[in-house]
Amino acid sequence: MTLQITLIFLFYGLSVFAGFGPFGEHAVNASWVAVQELKKLGLGDTIDLHVYEVPVEYQTVQRLIPDLWIKHRPQLIVHVGVSGMATAITLEQCGHNKGYLGLDNCQFCPDTQCCVEGGPECLQSTIDMDAVCKRASAAGLDEVQFIVSTDAGRYLCDFTYYTSLYESHGKSVFIHVPPLGKPYTPAQLGRALQTILQVILDMEHSDNQNNCDHKQ
């Protein structure tokens, strides 16, 4: 059986990974570097990995996220973005619909300042980030810290996450990584993403197994 995951930047057999390109002071986007490292490491023979780099543009996100879901039909989409304020690997629990005032790389901002007109103010991932955080932390990854957040920042990361949660009915995840060297190396970031995704896949497998057992 194949699992399907998508990572998208500001990003069981088939995995689709996407990452945001450079923006602002981030000439090299740590999230894109982290996903490239993850691609080298892989997630096992049963996972097909597809990687996308996403421009930091509201209109591209609005078009691309639905297209990726239609093209790949993933069971789960996982996005990765860089945060200049982050000092740990940050697992975002929810996305927000309103409050988008910052201009993107095209100097554009939605007139409505929201992701989906008429949509709920906040959407939660169906993945329990607290549980993921605890299990990833227990993996003992060399000096890498994992934390949970409920505020992805009201910029392209939050905008992307809400859009994805809306399209997927909650089957999405967003991970923020710190800038390169502050404090983690590319290799550490890649291993951190691999650990998180292995935890999520194990949790999803366990849930599916329990559901099957209940039906018997």
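Residues numbered from 1 in each chain as written. Predicted model: local features only at pLDDT ≥ 70, side-chain atom pairs only at ≥ 80, totals over all residues. Heavy atoms only, no water.

### Looking at the overall build of the chain
Part 1 of the reasoning: Each helix and strand in the chain was counted, giving five helices and nine strands.
Part 2 of the reasoning: Out of the 216 residues in the chain, the part that is buried amounts to 55%. (Helix = DSSP H or I, 4+ residues; strand = E, 2+ residues; numbered from the N terminus. Buried < 20%, exposed > 50% of the residue type's maximum accessible area, 1.4 Å probe, protein only.)

### Focus on the pairing of strand β9 (residues 172-177)
In summary, the side chains of a regular strand alternate between the two faces of the sheet.
Part 1 of the reasoning: Counted residue by residue, β9 has six buried out of six residues, so it is predominantly covered.
Part 2 of the reasoning: On β9, burial covers both faces: S172, F174 and H176 on one face and V173, I175 and V177 on the other are all buried.
Part 3 of the reasoning: In this structure, strand β4 (residues 77-82) lies alongside β9, joined through six bridges in parallel fashion. Paired with G81 across the two strands is H176, which belongs to β9.
Part 4 of the reasoning: As paired elements, strand β5 (residues 89-92) and β9 share three bridges and run antiparallel to each other. Bridge pairing links T90 to H176 in β9. (Pairing = 2+ DSSP bridges.)

### What to know about unusual backbone geometry
Part 1 of the reasoning: Of note, the bond from K182 into P183 is cis; its omega dihedral lies within 30 degrees of zero at 10°.
Part 2 of the reasoning: Structurally, the position occupied by P183 is in the loop between β9 and α5 (186-215).
Part 3 of the reasoning: Notably, Q107 is not glycine yet its phi reads approximately 60°, a positive angle.
Part 4 of the reasoning: Here Q107 is to be found in the loop between β6 (94-96) and β7 (122-124).
Part 5 of the reasoning: On the basis of relative accessibility, which here comes to 58%, the residue Q107 falls in the exposed class.
Part 6 of the reasoning: Not every positive phi belongs to a glycine, and H169 is a case in point at roughly 55°.
Part 7 of the reasoning: Within the secondary structure layout, H169 lies in the loop between α4 (156-168) and β9.

### Overview of the pattern of salt bridges
Part 1 of the reasoning: Under the defined criterion, the tally for this structure stands at five salt bridges.
Part 2 of the reasoning: For D158, the salt bridge is made with R154, and the minimal N-O distance between the two is 3.8 Å.
Part 3 of the reasoning: Of the residues examined, R154 reaches a relative accessible area of 28% and is grouped as partly exposed.
Part 4 of the reasoning: Sharing partners across several salt bridges, the network here consists of E121, D151, R154 and D158. (Salt bridge = Lys/Arg side-chain N within 4 Å of Asp/Glu carboxyl O.)

### Things to note about the confidence of the model for the chain
Should the pLDDT be low somewhere, the predicted coordinates at that spot are not to be read in detail.
Part 1 of the reasoning: With 83% of its residues at a pLDDT of 70 or more, the chain has an overall mean of 84.
Part 2 of the reasoning: Here residues 9-18 is a poorly scored stretch, pLDDT under 50, and it has 94 contacts once near neighbours within four places are set aside; other chains count. (pLDDT = per-residue confidence, 0-100. Contact = heavy atoms within 4.5 Å.)

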